[in-house]
Amino acid sequence: QLQLVESGGGLVQPGGSLRLSCAASGFTLDYYAIGWFRQAPGKEREGVSCISSNNGRTYYADSVKGRFTISRDNAKNTVYLQMNSLKPEDTAVYYCAAGRRLIGLCVLRKEPYNDWGQGIQVTVSS
């Protein structure tokens, strides 16, 4: 019913850029908070960025502030994560997630999010 599909990952050199896309189907994305999370091998899943429903409030983890930008295109029912100045420590599987009960806000904790994409690999290496 509800689907989130990530795309845009791959291999990039340190200092490079990637733009991840999270395309939603089966629901209107603007009614949900959307979060980007990542998980590196041997580490816990961590919140990277999120954007709220209604007013589009955004939040970023300290580790990516100034480098990553989250945005939403309601016409395409898609959320993007623009990643600049990538570092090797950004290497991880990246997931997008949707949480309808997060009204007008978003959080970087995974618990409130109900629907998750399959994840996409981002590798930053020279």
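Above this text is the structure in question.
Procedures and definitions
Residues numbered from 1 in each chain as written. Predicted model: local features only at pLDDT ≥ 70, side-chain atom pairs only at ≥ 80, totals over all residues. Heavy atoms only, no water. Phe/Tyr/Trp six-rings, centres within 6.5 Å; stacked < 30°, edge-to-face > 60°. Helix = DSSP H or I, 4+ residues; strand = E, 2+ residues; numbered from the N terminus. Buried < 20%, exposed > 50% of the residue type's maximum accessible area, 1.4 Å probe, protein only. Salt bridge = Lys/Arg side-chain N within 4 Å of Asp/Glu carboxyl O. Disulfide = S-S within 2.5 Å. Core = buried A, V, L, I, M, F, W, Y, C linked by side-chain atoms within 4.5 Å. Contact = heavy atoms within 4.5 Å.

1. A look at the packing of aromatic side chains
Line of reasoning, step 1. Evaluated as defined, the whole model comprises four aromatic pairs.
Line of reasoning, step 2. Note on F37 and Y113: the rings are 5.3 Å apart at their centroids and 75 degrees apart in plane angle, and the pair reads as edge-to-face. Pair noted here: F37 is in strand 4 (residues 33-39) and Y113 is in the loop between strand 9 (92-99) and strand 10 (115-116), with a separation of 76 residues, a long-range link. Both residues of the pair, F37 and Y113, count as buried.
Line of reasoning, step 3. Ring centres 6.4 Å apart and planes at 70 degrees place the aromatic pair Y113 and W116 in the edge-to-face group.

2. Here we look at the pattern of salt bridges
Line of reasoning, step 1. Scanning the model with the defined rule gives five salt bridges in all.
Line of reasoning, step 2. Two residues, R38 and D90, come together in a salt bridge whose shortest N-O distance is 2.9 Å. Taken as a pair, R38 in strand 4 and D90 in the loop between strand 8 (78-83) and strand 9 lie far apart in primary sequence, 52 residues in all.
Line of reasoning, step 3. By relative accessible area, which is 0% here, D90 ends up buried.

3. Quick look at the state of the cysteines
Line of reasoning, step 1. All chains considered together, the criterion is met by two disulfides.
Line of reasoning, step 2. Sulfur-sulfur distance for the disulfide between C22 and C96 comes to 2.1 Å. Classification of the bridge connecting C22 and C96 rests on its S-S torsion, roughly 70 degrees, and on that basis the disulfide is right-handed. Placement of the pair is C22 in strand 3 (residues 18-25) and C96 in strand 9, with a sequence separation of 74 residues.
Line of reasoning, step 3. Judged by its relative accessible area of 0%, C96 is buried.
Line of reasoning, step 4. One disulfide in the model links C50 with C106; its S-S distance is 2.1 Å. In this structure, the disulfide formed by C50 and C106 twists by about 70 degrees around the S-S bond and is classed as right-handed. Placement of C50 in strand 5 (residues 46-51) and of C106 in the loop between strand 9 and strand 10 is noted, with a sequence separation of 56 residues between them. Each member of the pair C50 and C106 is classed as buried.

4. Quick word on the nonpolar core
Line of reasoning, step 1. Ranked by internal contacts, the top residues of the largest apolar core, which has 30 residues, are L20, W36, F68, V79, L81, M83 and Y94.
Line of reasoning, step 2. Put simply, the parts of the chain that give this core at least two residues each are strand 3, strand 4, strand 5, strand 7 (68-73), strand 8, strand 9 and strand 11 (120-124).
Line of reasoning, step 3. Other than its neighbours up to four places away in sequence, V79 contacts L20, S21, C22, L29, I34, W36, I51, I70, S71 and R72.
Line of reasoning, step 4. One finds A33, F37, C106 and Y113 within the second-largest nonpolar core, a separate group that totals seven residues.

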